[in-house]
Amino acid sequence: MKVLVATEKPFAPAAVNAIKTVVENANYELVLLEKYSDNSELLAAVADVDAMIIRSDKATKEVLDAAKNLKIIVRAGAGYDNIDLATASEKNIVAMNTPGQNSNAVAELAIGMMVYVARGLFNGKAGSELKGKTIGIHAYGNVGKLVGNIAKGFGMKVAAFDPFISAETIDADGVTVYNSAEELYSNCQYISLHIPANDKTKESINYELLNKMPKGATLVNTARKEVVNETELVKLMTDREDFKYVSDIAPNNAEELKEKFDGRVYFTPKKMGAQTSEANINAGIAAATQIVNFLENGDTTFQVNK
Ligand code: 3PG
């Protein structure tokens with residue numbers, strides 16, 4: 001069996017070694033395609049592999065069509081909006097993610113960006129502290145829960161909205177539960193986004209919702225750029241000089257935002273929330289292990305196209 005690791009943004013070397021060990025212990029062969037710059041390289045690499053591990057790499061219909069022997073594709077990470085699930089299902093390819101494995105890295109970055117923006121992007125002028133402020137966690141999954149934990153350590157008040165998680169579960173963590181996004185946004189100076197990108201959530205973070213946030217508001221996005229309505233964000237930031245936006249995924253209109261709202265926006269040069277050795281090792285080993293467990297025992301835990 002051949003297992004391809006196709007990562008435009010490579011894992012840390014220690015994670016690649018760990019993946020290699022899992023793959024070779026199963027007597028499979030590891031094929032590595034890192035830092036590729038053209039989709040044709042990915043199309044060539046998938047031609048004869050049985051399994052593949054990706055990160056935010058796009059597993060489009062074209063890629064899945066070219067992968068004639070592919071039985072399983074694992075997104076080493078949480079969000080799987082980069083996999084054409086309908087095509088995968090049509091072709092009987094099992095698609096999985098590795099939930100929770102890189103969450104701590106993303107949560108730490110979300111808080112780090114909050115400190116950065118609260119301190120005026122380190123411009124030397126008097127900024128503000130996180131202590132005593134309220135953070136609203138929009139979607140209380142693996143990352144959201146960890147952001148809440150860290151925020152408590154900073155002395156922040158923590159609130160959350162998640163229609164898929166029971167109020168009791170959130171409440172048990174000492175987190176205030178709101179029953180709608182509108183209520184959450186109305187009550188929080190900081191909002192940290194942890195919703196997936198799908199047909200329901202795309203562009204759902206719009207003018208009306210963001211404008212509910214109190215004065216001195218900051219939106220922190222370590223989720224997906226697609227969930228924010230970028231045109232309406234420009235209008236909002238024009239109307240509200242107090243509003244700040246920091247994101248680990250530069251929006252399509254990043255240059256316009258940087259020019260118009262200098263000092264009030266920050267975008268990492270490349271998505272780096274999950275880019276730590278620890279997260280790479282955790283997610284990489286989980287992905288490789290899930291592949292072996294599926295190919296050897298038919299284990300479909302974590303399948304997302306059931
Ligand atoms: C995820 O969905 O797990 C994160 O967005 C990480 O993405 P990455 O593997 O491309 O860094």
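Presented here is an overview of the structure given in this document. These numbers were taken from a predicted model, which means no experiment stands behind them.

1. So, the packing of aromatic side chains
Item 1. Taken as a whole and assessed by the stated rule, the structure comprises 3 aromatic pairs.
Item 2. An angle of 85 degrees between the planes, with centres 4.9 Å apart, marks the rings of Y116 and Y266 as edge-to-face. In this pair, Y116 sits in helix α5 (residues 103-118) while Y266 sits in strand β12 (residues 265-267), placing the two residues 150 residues apart along the sequence.
Item 3. Ring geometry for Y245 against F267: centres 5.9 Å apart, planes inclined by 65 degrees, an arrangement best described as edge-to-face. Of this pair, Y245 sits in strand β11 (residues 244-247) while F267 is found in strand β12, placing the two residues 22 residues apart along the sequence.
Item 4. With a relative accessible area of 1%, Y245 lands in the buried category.
Item 5. The structure contains a cluster of three or more aromatic residues connected by ring pairs, namely Y116, F122 and Y266.

2. Thoughts on the sheet that holds strand β9 (residues 190-193)
Item 1. Strand order in the open sheet formed by 7 strands is β8-β7-β6-β9-β10-β11-β12, with parallel pairing between adjacent strands. Since the sheet does not close on itself, it has two edges, and those belong to β8 (176-177) and β12, each with one partner.
Item 2. Bridging between β9 and strand β10 (residues 218-221) involves 4 bridges; their strand directions are parallel. Bridge pairing in β10 links S192 to V220.

3. Notes on the nonpolar core
Item 1. By size, the foremost hydrophobic cluster in this structure holds 33 residues, and its most contacted members are Y185, L193, I205, L210, L219 and F243.
Item 2. Where this core is concerned, the elements lending two or more residues are β7 (157-161), α8 (181-186), β9, α9 (207-210), α10 (230-239), α11 (254-260) and β12.
Item 3. With 4 residues, the single largest contributor to this core is α10.
Item 4. With residues near it in sequence (within four places) discarded, Y185 still touches H138, I191, L193, I205, L209, L210, K212, M213 and P214.
Item 5. In terms of nonpolar packing, the next biggest core, distinct from the first, is built from 26 residues, V106, A107, V143 and M156 among them.

4. A few points about the pattern of salt bridges
Item 1. Counting across every chain of the model gives 12 salt bridges.
Item 2. Between E8 and K270 there is a salt bridge, with the nearest N and O atoms lying 3.1 Å from each other. One end of the pair, E8, is in the loop between β1 (2-7) and α1 (13-25); the other, K270, is in the loop between β12 and α12 (277-297), and 262 residues separate them in sequence.
Item 3. Take K270: its relative accessible area is 42%, and that puts it in the partly exposed class.
Item 4. The network of salt bridges with common partners includes K61, D65 and K91.

5. Concerning the packing of α1 against α12
Item 1. Packing of α1 against α12 brings their axes to within 8 Å, and their N-to-C directions diverge by 20 degrees. The angle between the axes of α1 and α12 places the two elements in the roughly parallel class. Crossing hand, α1 versus α12: right-handed. Residue-level contacts link A14, A15, A18, I19, V22 and V23 of α1 to N280, I281, G284, I285, A288, T289 and V292 of α12.
Item 2. Here the contact of α1 with α12 is composed, by residue class, of 10 nonpolar, 3 polar and no charged.

6. As for the side chain of T87
Item 1. Examined against the element boundaries, T87 turns out to sit in helix α4 (residues 85-90).
Item 2. On the basis of relative accessible area, T87 is assigned to the buried category, the value being 5%.
Item 3. Ignoring anything within four residues of it in the chain, the contact list for T87 reads K61, L64 and D65.

7. Section: the sheet that holds strand β4 (residues 72-75)
Item 1. Ordered by their spatial adjacency, 5 strands build an open sheet running β2-β1-β3-β4-β5, and the pairing between neighbours is parallel. In this open sheet, the two strands that pair with only one neighbour each are β2 (29-34) and β5 (94-97). Across the sheet, the mean angle from the axis of one strand to that of its neighbour is 15 degrees, orientation sign disregarded.
Item 2. Examined bridge by bridge, β1 and β2 share 6 bridges and lie parallel to one another. Bridge assignment links A6 to a residue of β2, and that residue is L33.

8. Concerning α12
Item 1. Compared with an ideal rise of 1.5 Å per residue, which puts 21 residues at 30 Å, α12 spans 29 Å between its outermost C-alpha atoms and is within 8% of the ideal.
Item 2. In the segment just after α12, G298 is the residue with positive phi, at about 70 degrees.

9. Details of unusual backbone geometry
Item 1. Positive phi outside glycine occurs at N92, with the angle close to 60 degrees.
Item 2. Along the chain, the position of N92 falls in the loop between α4 and β5.
Item 3. The phi dihedral of L121 falls on the positive side, at around 55 degrees, and the residue is not glycine.

Rules behind the numbers
- Residues numbered from 1 in each chain as written.
- Predicted model: local features only at pLDDT ≥ 70, side-chain atom pairs only at ≥ 80, totals over all residues.
- Heavy atoms only, no water.
- Phe/Tyr/Trp six-rings, centres within 6.5 Å; stacked < 30°, edge-to-face > 60°.
- Helix = DSSP H or I, 4+ residues; strand = E, 2+ residues; numbered from the N terminus.
- Buried < 20%, exposed > 50% of the residue type's maximum accessible area, 1.4 Å probe, protein only.
- Pairing = 2+ DSSP bridges.
- Core = buried A, V, L, I, M, F, W, Y, C linked by side-chain atoms within 4.5 Å.
- Contact = heavy atoms within 4.5 Å.
- Salt bridge = Lys/Arg side-chain N within 4 Å of Asp/Glu carboxyl O.
- Axes fitted to C-alpha atoms, helices over the stretch in contact; angles between N-to-C directions.
- Parallel < 35°, antiparallel > 145°, perpendicular 65-115°, else oblique.
- Left-handed = near helix turned anticlockwise from the far one by under 90°.
- Nonpolar A, V, L, I, M, F, W, Y, C, P; charged D, E, K, R; others polar.
- Expected span 1.5 Å × (residues − 1).

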